[in-house]
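# Remarks on the overall topology
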Amino acid sequence: MVHSLTLQQRLERHQVRLEELVYWTERQKQPLTSLTLEGESANVGTPWPGTDGVFSFTGTGTVPADWSLADCRLRMNLGGEGLVMLSDDQGAATGYGIDPYHRSFPLKSHRFSFTAECTARLPFGEPVRAPRIEWAELVWVDTAVEQLHLLMQQIAEAAETLKDHEVVPHLLDLAEKAFYQLDWPSATEHYISRTAQAPLQQKIWQLPATRGETNELSESQRQNVLEIYQQLLGELAELQKRFPPEGEIALSGHAHIDLCWLWPYDETRRKLRRTFHTALSLMEQSAEFRFNQSTAHYYWQISQMDPTLLEKITERVKTGQWETLGGLWVEPDTNMPTGESLARQVLYGQQFFEQQFGIRHDTCWMPDCFGFTGALPQLLQQGGMKNFFTIKVNWSETNRFPADLFWWEGLDGSRVLMHTFDNPMQGYNGFVHPHGHRETWKNFRGKDKHPQTLLTVGYGDGGGGPVPEMITREEQLKVFPALPKARWATVKDFFASANQSAERKALPVWAGEIYLELHRATLTTQGRVKKAHRDAEQALISAEIAGSLAHMLGADAPDSLRDQWRYVLKNEFHDILPGSSIREVNIQAVEELTEVIHQAGEYQQGAMQALVGQLPATHGEHLVVVNPSLDCRPLETKLDDGSVLSTDTLLPPLSVAVVDPQQLQPAGALSVSETHLENRHIRVLLNADGTLASILHKASGRETLADRGNQLWAYTADKPRNWDAWDVEEDFAARGEEIIDLQSLQVVESGSHRVAIRLVRQFRDSHICQTYSLTANGKRLDIHTELDWHDRRILLKTLTPVAVKAREATCECAYGVVKRPTHENTSWDAAMFEAAAHRFADLSEPGFGVALLNDGKYGHSIRNNVLALSLLRSPIYPDPLADEGEQQFTYALYPHSDEWYRGGVREEAEALNRPLLISESQPAATGLYQPIKLSGPVSLSGFKPAEDGQGLILRVYEPAGGRGSLEMGLTKGWKNAGPVTVLEEPMNVSANSIKPFEIKNFRLCRD
């Protein structure tokens, strides 16, 4: 046939004709009338009695005897999101999630009943302001028409996405031929009734009156539809021979479920059940369907609240249809947790999966996290994971990440195979759709290395997962020409194949951290959560150290703190720790982390008492002091009465000292006035406005500051175009106000062990109280900060220009450091205007440097010679009161000789974050005990009871990029059983040396 229309015009005509079929996809329907809401009789239109909490619904129904049960559906919109348990006439129940994407449920018997529990919210937490039962009906689906409509729709979608491909005219020819063959109803009254709801008909001034009765297709017409459908599938398959598939996609059903985000955790519990029941129901529809779900915590949660559901999941895991993934406890932020936290994510995640499912994962699954620390590859390798998946790297706004199938090399040189896909149709919440398939394959840059890319499909973030239509779409698209071949597959099989390709062909390598050029404000927003998390991490690490040392000295083996660690790991989720959740989530996170700190404190007290019980007794009252680090530290501590000791007494690493407090003298003279603080190491001068005028480093004779130090700036232009809590944009400094309103300045401490000056400032409706303090033996100036904040959409920073010139800053990260540019030579450098550092960031020249330390902040901006730390952000979405009210933290300025590593920067930062452990007024004889001695260039990550109860695990790491030998000496009765992995299993590596940024774990056992 010669066509006078363009291909685009033909496609538009096809889409208009396609709309007609929709109105015949239902043969008959009838309302469901037997409903209850909260135990009261209800009907369509019945409003809910409230909007908060969970509401219960029930219903019963009977399918007419002449309806084909296989084609019947219960369709409902109860007004919110929930879980439907649909029972057949034998009482057997099947669960389904109900939400805007899941509202049609198959029936297994003519008589049925259901119960439902719903909340007046939509999947992304949006409130339904006036919830009511919107509709509930039985529908006899005309499956033949439904399938033909979907197939014709996919032809239109394929033609639209393939555009100028030479197959498009052939696709349209087939579609038009099918339309010409259709025998379609046309009787006026019935036709108008059927199409009355069409958008075009709804625009008519007044539709003609009808009796509302509609004829369905006759049997001959339905047979005609079936024949055309089969004919069309056959013709597409023939066309595919001429235009074979271009590319290959491994489809994985998926439901990204944010552990918390725009809803509280109680709602997440319900989302898990809804989503998991839905996925199981789809497996009944298709044996080929595959579904993956990550996060050990989710399965643990299901085990607590619905063990029967977990049993059903376990059965599908065994058949291979349900794929557990990830290997971690949750999908955490990786920029802010300490290395020990990340090690526990791997340890407790893999252990749970193995105990519950008998599976140890080889793929780390983190599609939605905001950049990745370079410590991960080594941890993953030790945890049995050799593959890594994300897609968030594609969100970077300035520079396109250069590869999507590549080796990711960590700080120490460990490598994992990394894959990411670029799907324009909702990313990891993808669809089975010609456009998504075609564009994902087109965007895959690794196709010359490997012939397949991964694509996850299913509604997510708020959960929900795939819908039945996706299964039908996949079946139909098998015969389509030119589009990529797309089949259900497991992630495990995809990576197994990709690893085989990587053995044959050289892949690109990305070395070091993966910095996301977006969501930089997540390093600062919700400071209370971040501070509580830092304190909880350190409290647990210190408690375990105390228990382990006590055990080595003769006390009973300490208990595992696994349950407390799991709360910390849960709150590292990538929308909790980053501060991008609603207020209810943030409040709960602080509460849970505060309880962890309390429990860790009780554990530590018990461990200290057990430790004291192993020491020689005396009648005097002495201090028992534990050094919880591998650094030699001066005895500097805060006592129960608030007083401070700052002495020259040195405590060896991992030692226990019993000292007479009466014999402790301050380490040199201190002086203080309203304009200065001074000890034997540094002299600090203040300006009249409370900023720092000078910090003289006496050992080198160098002045630390290049201009006024500790300037406080409020940036009122911190109003990003998107992602309010997540983003700080490059123009944040376009409008900044230095906070110079000094209400008071006074000396508040002038003792022999510590001196301090307190400053109080006001900014608009907010107050800032800062205390400069210097101890007798202190080499750093501490700046304790108390905020009472009552202003919205402000970014608060401290800026200190230092007398150092360096093109790179050294920033601590998990298990090491990362170098960051202080210049903007390239677009990559310029994009890193706000970046993460853990306990310190440092600028050093040969012979001298200055470090900015902190005990709970992460967002740093280091340009030229200015050390800047973000102290607070107060966005209004999704928490209108983010960082409102009181919070406190400490940061410090530390001048030092030599470069950062030789200058003791890490040691000073560790002392600020993990102070000495003290037990006062103990009847123990003075002495020094060191049950373990370890020499070498290492820092302590953790010292803990082994999870199997067999001894202790000592975890250390090389923190600076050097290498050296290790020597370990243990107290009598103990032995080093050798290196182990992060999973606490034997590891065949050298026990006597350590390489740059290497993590070493040792099992210590009784002889």
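Residues numbered from 1 in each chain as written. Predicted model: local features only at pLDDT ≥ 70, side-chain atom pairs only at ≥ 80, totals over all residues. Heavy atoms only, no water.

## Some thoughts on the side chain of Arg 955
Inspection of the secondary structure puts Arg 955 in strand E49 (residues 952–957). Given a relative accessible area of 1%, Arg 955 falls into the buried group. (Helix = DSSP H or I, 4+ residues; strand = E, 2+ residues; numbered from the N terminus. Buried < 20%, exposed > 50% of the residue type's maximum accessible area, 1.4 Å probe, protein only.)

## Quick look at helix H7 (residues 265–285)
The end-to-end C-alpha distance of H7, which contains 21 residues, comes to 31 Å, matching closely the 30 Å that a straight helix rising 1.5 Å per residue would cover. Of all 21 residues that make up H7, 15 are buried, and the element is covered over most of its length. (Expected span 1.5 Å × (residues − 1).)

## Side note on the sheet that holds strand E5 (residues 72–77)
An order of E1-E10-E5-E8 is seen for the four strands of this open sheet, with the pairing classed as antiparallel. The two strands at the open ends of the sheet, each matched to only one other strand, are strand E1 (26–31) and strand E8 (104–106). Neighbour to neighbour, the strand axes of the sheet diverge by 30° on average, direction disregarded. Pairing of E1 with strand E10 (residues 135–141), which is carried by five bridges, proceeds in the antiparallel orientation. In the sheet register, Glu 26 faces E10, and the bridge partner there is Val 141. (Pairing = 2+ DSSP bridges. Axes fitted to C-alpha atoms, helices over the stretch in contact; angles between N-to-C directions.)

## Remarks on the packing of aromatic side chains
Counted under the stated rule, the structure contains 40 aromatic pairs. Chaining the aromatic ring pairs together yields one cluster made of Phe 276, Phe 291, Tyr 299, Trp 300, Trp 322, Trp 329, Phe 352, Phe 353 and Phe 357. Over the ring of Trp 395 we find Lys 392, and its NZ or CZ is 3.8 Å from the ring centre. Stacked on the ring of Tyr 265, the Lys or Arg Lys 570 has its end atom at 4.0 Å from the ring centre. (Phe/Tyr/Trp six-rings, centres within 6.5 Å; stacked < 30°, edge-to-face > 60°. Lys NZ or Arg CZ within 6 Å of the ring centre and 35° of its normal.)

## Here's the deal with the nonpolar core
Counting residues in each nonpolar core, the largest one holds 187 residues, and the members touching the most others are Trp 322 and Phe 388. Sort the elements by how many residues they give to this core and helix H15 (residues 527–552) lands first, with twelve residues. Non-local contacts of Phe 388, meaning those with residues more than four positions away in its chain, are made with Cys 364, Met 366, Phe 372, Leu 376, Leu 380, Trp 408, Val 416, Leu 417, Met 418, His 419 and Phe 495. Residues Ile 739, Leu 774, Ala 806 and Leu 852 belong to the second largest nonpolar core, which totals 46 residues. (Core = buried A, V, L, I, M, F, W, Y, C linked by side-chain atoms within 4.5 Å. Contact = heavy atoms within 4.5 Å.)

## Describing the packing of helix H2 (residues 143–162) against helix H3 (residues 168–181)
The N-to-C vectors of H2 and H3 enclose an angle of 155°; their axes lie 9 Å apart at closest approach. Taken as axis vectors, H2 and H3 run roughly antiparallel relative to one another. With respect to the hand of their crossing, H2 and H3 are arranged in left-handed fashion. Facing Met 152, Ile 155, Ala 158, Ala 159 and Leu 162 of H2, the residues of H3 in contact are Val 168, Leu 171, Leu 172, Ala 175, Ala 178 and Phe 179. (Parallel < 35°, antiparallel > 145°, perpendicular 65-115°, else oblique. Left-handed = near helix turned anticlockwise from the far one by under 90°.)

## Examining the sheet that holds strand E38 (residues 816–821)
Here we have nine strands laid out as an open sheet, ordered E32-E33-E34-E35-E44-E41-E40-E37-E38, and antiparallel in their pairing. One side of each edge strand has no neighbouring strand; the edge strands of this open sheet are strand E32 (742–750) and E38. Neighbouring strand axes in the sheet, compared pairwise and without regard to direction, differ in orientation by 20° on average. Here seven bridges tie strand E41 (residues 848–854) to strand E44 (residues 885–897), and the two strands are oriented antiparallel to one another. Within E44, the residue paired with Phe 848 across the bridge is Ser 897. Along the sheet, H15 contacts E41 and E44; its crossing angle with E44, the most-contacted strand, is approximately 60°. Relative to E41, helix H19 (residues 905–913) is tilted by about 20°, and along the sheet it contacts strand E37 (808–813), strand E40 (840–845), E41 and E44.

## Things to note about unusual backbone geometry
For the peptide bond that leads from Tyr 877 to Pro 878, omega is 5°, which places it in the cis range. Located in the positive-phi region is Gln 426, a residue other than glycine, with phi close to 75°. For Gln 426, the position within the fold is in the loop between strand E17 (415–419) and helix H12 (434–443). Despite not being glycine, Leu 654 shows a phi value in the positive range, around 45°. Relative to the elements of secondary structure, Leu 654 occurs in the loop between strand E23 (644–651) and strand E24 (656–659). In this structure Leu 654 comes out as buried when scored by relative accessible area, which is 0%.

## Digging into the packing of helix H8 (residues 296–305) against helix H9 (residues 307–319)
It is the contact of H8 with H9, at a shortest axis distance of 6 Å, that shows an interaxial angle of 130°. Overall, the two elements H8 and H9 adopt an arrangement that is oblique. Residues Tyr 299, Ile 302, Ser 303 and Met 305 of H8 pack against Pro 307, Leu 309, Leu 310 and Ile 313 of H9. Residue composition of the contact of H8 with H9, grouped by class: seven nonpolar, one polar and no charged. (Nonpolar A, V, L, I, M, F, W, Y, C, P; charged D, E, K, R; others polar.)

## Notes on the environment of Leu 692
Examined against the element boundaries, Leu 692 turns out to sit in strand E28 (residues 692–697). By relative accessible area, which is 0% here, Leu 692 ends up buried. Sequence separation between Leu 692 and Asn 710 is 18 residues; the distance between their C-alpha atoms is 6.2 Å. Residue contacts for Leu 692: discarding those within four places in its chain leaves Val 684, Leu 685, Leu 686, Asn 687, Leu 705, Asp 707, Arg 708, Gly 709, Asn 710, Tyr 772, Leu 781 and Leu 893.

## Here's the deal with the state of the cysteines
For the structure shown, the criterion picks out zero disulfides. Cys 811 takes part in no disulfide bond, and the closest cysteine sulfur to it belongs to Cys 813, at a distance of 8.9 Å. (Disulfide = S-S within 2.5 Å.)

## Some details on the environment of Met 305
Within the fold, Met 305 resides in helix H8. In this structure Met 305 comes out as partly exposed when scored by relative accessible area, which is 29%. Between the C-alpha atoms of Met 305 and Arg 269, which are 36 residues apart in sequence, the distance is 8.6 Å.

## Section: the environment of Leu 7
Its place among the elements puts Leu 7 in helix H1 (residues 7–22). The partly exposed category is assigned to Leu 7, whose relative accessible area is 36%. Considering only alpha carbons, one finds Leu 7 and Glu 160, 153 residues apart in sequence, at a separation of 9.7 Å. The residues touching Leu 7, leaving out its near neighbours within four places in the chain, are Val 168, Pro 169 and Leu 172.

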